[in-house]
Amino acid sequence: MKQLLTLITLTIFLGACASTSPYRPAKGDTGMGYRDQKLSDDRWRVEFQMRNSNRSKAMDYALMRSAELTLQKGFDWFEVVDRVTEVDRGDGGGGSGVSVSQSRGYERNCGLLGCTTRPSTATQVGVGIGTGSDSRSKVTSIVEIVLGKGVRPESRNIYDDRELADSMHERLINEKQ
């Protein structure tokens, strides 16, 4: 009876370990999980890397970490000013993949009568096609964010930190991997 109880406990423990979420701090420069890099007082780069080829899930984790970071730093909202997702198929060969990056900035033009400044957006798209297994695939999503306080400006790239953190946590952390 004692051996049976030990076996059941061990099985439950191992099952819990096998179903852990990929959402955790990354260990080292190449570890899976999230890492943050402060660029200025209100500007951060957030990276999330996981074994898989699910681009949207990796981006969701990067956005969730961005929301948590915004809360931790005492801000109310964040704006995504740049985002990119890459899939590395590893040594096992390819599969098809698409990478999209969008950058926002400002363009300044000066002439004889003065200067004008206007917002500009650049979008880059990459496509790759290959064959083979993707069992060694890893996906990396990187977002650059600007943190803000007070009334949230209207833009589709600006997120409320609490609202996003709650909805993403509920959807991502609590689902089976």
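Residues numbered from 1 in each chain as written. Predicted model: local features only at pLDDT ≥ 70, side-chain atom pairs only at ≥ 80, totals over all residues. Heavy atoms only, no water.

Caption draft 1: Fine view of the overall build of the protein. The helix and strand inventory of the protein stands at three helices and seven strands. Counted from the first residue to the last, the protein has its helices and strands arranged as α-β-β-α-β-β-β-β-β-α. Taking all contacts inside the protein whose residues are at least 6 apart in sequence as the whole, residues at least 24 apart take part in 68%. (Helix = DSSP H or I, 4+ residues; strand = E, 2+ residues; numbered from the N terminus. Contact = heavy atoms within 4.5 Å.)

Caption draft 2: Fine view of the nonpolar core. Formed by 26 residues in total, the largest nonpolar core has its most connected members in Phe 48, Leu 63, Phe 78 and Ile 145. In terms of residues, this core owes the most to one element, helix H2 (residues 55-72), which gives eight residues. Every residue in contact with Ile 145, bar those within four places of it in the chain, is listed here: Asp 42, Arg 43, Trp 44, Val 46, Ser 66, Leu 69, Thr 70, Phe 78, Glu 79, Val 80 and Val 81. (Core = buried A, V, L, I, M, F, W, Y, C linked by side-chain atoms within 4.5 Å. Buried < 20%, exposed > 50% of the residue type's maximum accessible area, 1.4 Å probe, protein only.)

Caption draft 3: The pairing of strand S2 (residues 43-51), seen in detail. Sheet topology note: the strand S1 (residues 33-40)/S2 ladder contains seven bridges and is antiparallel. Paired with Lys 38 across the bridge in S2 is Trp 44. Two successive antiparallel strands, S1 and S2, enclose a turn made up of two residues. Pairing between S2 and strand S6 (residues 138-148): nine bridges, direction antiparallel. (Pairing = 2+ DSSP bridges.)

Everything listed is a geometric property; what it means functionally is a separate question.
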